[in-house]
Every structure is written in structure tokens, then in C-alpha cells.
Amino acid sequence: MLSKKFDGDDIRRLHRMIKDATRIVLTCHVRPDGDAIGSTLGLAHLFNSIGKKASVVTPDIPPRSLSFLPDSKEIVAYTKYPDFARRLIKDADLIVCCDFNKLSRLDSLDALIKEAECEKVLIDHHQFPDCFTDITFSCPEMSSTCELAFRLVCEIGMYQDLSVDAATCLATGLITDTRNFSVNCSDPEVYVVLIKLLEKGVDKPKIVREALEVKSLDCLRLQVYALNDKLEIFDRHRAAIITLDKEELRRFNYQKGDTEGLVNIPLTVEGISYCVLMREDEDCIKVSARSINSFPVSKICEDLYGGGGHIMAAGGEFKGTLEDCRKMLVEAMPSYDEFIRTNTARDNH
Ligand code: 5GP
Ligand code: MN
């Protein structure tokens, strides 16, 4: 059994909003991941199966690794179909915001969502959400927005309406945000959520393979190159940095999503507490950080790159050169040494 997590009034209000709505838009953060697409597309499946007209509108196109999700082709990326996205948002009578905590995470979609006059709901698991919706469901202690969305579905009494397609999408966010149940999954109820999704007929091995493992040969070679030639280790600070510039990305025919998972790999090196990947994108340097032992990479991303995220998985954007982005972190590293906790058996010897 799942314990109740939400205020009864909020649940009744959400239920009423869904019942009253005809056209629902679901949206998520820029550069969407498995949790962002899983939660929006999963809820869209649910709403469509109860007779609503639900559409997923994303700021930009989702990575190829998520194209196996049922109806992923129906996703309307604002960068690709700006007029269609604008019309869907304008005509919506409910907007559900998933997996982000401030409007700026919507990139150029932010003004459209902000100015939309319909009711809005936030469903998210990042810390400290801004107040930009009529109801906020914010649970940073949860593994994923998909877990949160699933619990909401149960509490409003719609579990029986979840199809295998909806459950597949929700399970994908659960699986990607927990890295197949290796992080953010110490709450035993995470496994209850998984069981209830499996009972809908979800094919977990397929999700793990498609969302976390399968990659193009170019992508594999880019990652091998990054680890072999571009990984820098800062022993004193237990840190690792990987930088990838435009030319290097071009050399390996970089496609959106090709660096997914890369930032985790240096954490397998003994003694490394955190890793920061810096990638030269069209408009900025995209920073992506991961850590172990609660080392606060969210603080680094906030302090240095105006970003944020979770304590052990965070990101940001840097406007400037890749070299300056790297230098900024290298110079700041000593100030984060105080957060290094070495609590493995080996470190105690
Ligand atoms: P990723 O490294 O996979 O892009 O993101 C890891 C985590 O950090 C996610 O929870 C994501 O929402 C958050 N994050 C990534 N980039 C940014 C950013 O530019 N700003 C903020 N506030 N959070 C970010
Ligand atoms: Mn998430």
C-alpha cells in the first residue's frame, strides 16, 4: 500500500480541474529527460483515455532515446512547431507543468505559459519551487516527477484508468531518475510504485534498454573519446571535469542526448566525489554535474552557473567560453572541499 502524501483539499481541487477541463497542455523543462517526457506523456495518455484532448508541448525536441515511448511522435516541440504550440497553449483550459521549479527552465516557452490565462498545476520534485501555478505539488523527497504523478493519479482515484502506455511512460521517469534503481530509491514505497506499474503490463527490460542503454556507434565513440582524452581528475578536490567543444562534438556527429549518462561514469573511479561535464552548445556552455555521498553539486551549479537541480544531480548554463567555464570551476574547487564526505569502508582505513 502507498501512504497518502497530499492535502485532501489540493487533491479534490486537482480532480475538479481535470474533470472540468477539455483541452489540457502538459509541459516540461528544456532539454527534456526521461522523467520530464515520462510524466507529461504518461499523464497525457491518462487524460486522453478519459476523453480529454491532451497535448504535450516541450520547449525543444526530446532526445532520440525516448522515441520508443508510445505516441512520442505526437509531442509538439516549440522550437519545431512554434505556431502549433502557441495555439495549443492559447486554447488550453488547463496547463500541467511537470519536472521543473521555475519558469526560466522553459526557455523561450516561458512567456507563453506565464501569460496563459487558464488554470495551471505544478507537479515537480525539485527543491524550492517558484509560485507560478494555481496548485503546487512539490515533493523533493520523491525519486522522480513520475513517482509523484503516479501517486497523484492514485489519490484522485484514477489508477484503474491508467493504460499500459501511460504506465510505460511513468515507469520510464522512475527508471531514468533512479538510474534503474541505484540512486534516489531508498524509500521502500518506490518499489510499491514500480510493482503497481508492472501490474499494468509495463516491459521494464525494454525501458532500461531503450532509455538508458542503447546508443549510436558515434555516441559510444564520443563517450569513449571524452573519457580517454578529455577527463581531468583533481585528486586533492576529489573532482573530475570533462569538457567537450563544438569541434569535438561535430567530429562524432553529435546528436541531442549523446552525452546522456557520460557525467556519471567518472564517479565509478575510486576517490571521486563529483564530476562536472561542460558541453559547448549553440547558445551556451551546458553544465551537467553528478556526485556521490551527498556532495552538493546543486550548490556549485547555483553559485557558478545560475543553475540548480538536486543535491547529487544538477546543471546550469554558462554564457562565455568553454575555457572560462572550466577555469571558473577549477578556481572555485578549494571552496567546496569542506563538503567532501568520505564514508566508504576503504576511505576509513
Ligand atoms: P542534467 O545534468 O541531466 O541536465 O540535469 C540534472 C538535474 O539538474 C535535473 O534535475 C535538471 O532539472 C537540473 N538542471 C539541469 N540544467 C539546469 C539548469 O540550467 N538550471 C536549473 N535550475 N536546473 C538544471
Ligand atoms: Mn526529474
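Shown above is the structure to which this text applies.
Quick caveat, the model's predicted, so the values are computed rather than measured.

About the criteria used
- Counting restarts for each chain: residues are numbered from 1 in the order of the written sequence.
- Just so you know, chain letters begin at A and ligand numbers begin at 1, following the order they were written in.
- The predicted origin of the model limits local features to residues at a pLDDT of at least 70 and limits the giving and counting of side-chain atom pairs to 80 or more, whereas totals for whole chains, interfaces and linings rest on all residues.
- The side-chain quantities take in all heavy atoms of the structure and omit both hydrogens and water.
- Sites may look incomplete, because water is not among the atoms used; the donor set itself consists of N, O and S atoms within 2.8 Å of the metal (3.2 Å for Na, K and Ca).
- Helix and strand definitions here come from DSSP, where helices need a minimum of 4 consecutive H or I residues and strands a minimum of 2 consecutive E residues; each element is numbered from the N-terminal end.
- Accessibility here uses a 1.4 Å probe with only protein chains present; expressed as a share of the type maximum, an area under 20% marks a residue as buried, one over 50% as exposed, and anything in between as partly exposed.
- If a single non-hydrogen atom of a residue is within 4 Å of a molecule or strand, that residue counts as near it.
- Pairs of N or O atoms are called polar contacts if they sit within 3.5 Å, as long as, within protein, a hydrogen donor faces a hydrogen acceptor (for residues adjacent in sequence, only side-chain-to-side-chain pairs).
- Residue burial considers only the protein chains on display, and all accessible areas are found by Shrake-Rupley using a 1.4 Å probe.
- Three classes are used: nonpolar for Ala, Val, Leu, Ile, Met, Phe, Trp, Tyr, Cys and Pro, charged for Asp, Glu, Lys and Arg, and polar for all others, with Gly counted as polar.
- Domain limits in this description derive from either an automatic procedure or a database domain assignment.
- Helix axes are fitted to C-alpha atoms over the stretch in contact, other axes to C-alpha atoms as well, and angles between N-to-C directions run from 0 to 180 degrees.
- We call two directions roughly parallel when the angle between them is under 35 degrees, roughly antiparallel when it is over 145, roughly perpendicular when it lies between 65 and 115, and oblique otherwise.
- A crossing counts as left-handed when the near helix is turned anticlockwise from the far one by less than a right angle, and as right-handed when that turn is clockwise.
- Pairs of residues are marked as contacts when any of their non-hydrogen atoms sit within 4.5 Å.

Chemist: Please provide a residue-by-residue account of the coordination of the manganese ion (ligand 2), values included.
Modeler: Protein coordination at the manganese ion (ligand 2) comes from D35 (OD), D99 (OD), H125 (NE2) and D177 (OD), with a distance range of 2.2 to 2.5 Å. Written as a sequence motif, the donor residues of the manganese ion (ligand 2) are D-x63-D-x25-H-x51-D. Of the two residues, D35 is situated in helix α2 (residues 34-49) and H125 in the loop between β5 (119-124) and β6 (135-138); the sequence distance between them amounts to 90 residues. A residue is classified by how much of its surface remains accessible, and H125, at 2% relative accessible area, is buried.

Chemist: For the site of ligand 1, give the residues involved together with the corresponding values.
Modeler: Around ligand 1, 15 residues are found, and the nearest of them are R105, H126, K286, S288 and R290. Here an oxygen atom of ligand 1 and a side-chain polar atom of S288 are 2.3 Å apart. Burial of ligand 1 by the surrounding chains reaches 87%, relative to a free accessible area of 490 Å². Mapped onto the shell around ligand 1, the elements with two or more residues apiece are β10 (285-291), β11 (308-310) and β12 (313-318). Looking at the shell around ligand 1 residue by residue, the classes come out as two nonpolar, eight polar and five charged. Counting residues domain by domain, the shell around ligand 1 receives three or more from each of domain 1 (8-213) and domain 2 (217-347).

Chemist: Describe the packing of α2 against helix α6 (residues 164-177), and please don't skip the residues or the numbers.
Modeler: Where α2 contacts α6, the two axes come as close as 7 Å, and the packing angle between them is 165 degrees. Judged on the interaxial angle alone, α6 and α2 are roughly antiparallel. Between α2 and α6 lies a crossing whose hand is left-handed. Each of G34, D35, G38, S39, L41, G42, H45 and L46 in α2 lies in contact with α6, whose residues at this interface are D165, A166, C169, L170, T172, G173, T176 and D177. Class assignment of the residues belonging to the contact of α2 with α6 gives a composition of five nonpolar, eight polar and three charged.

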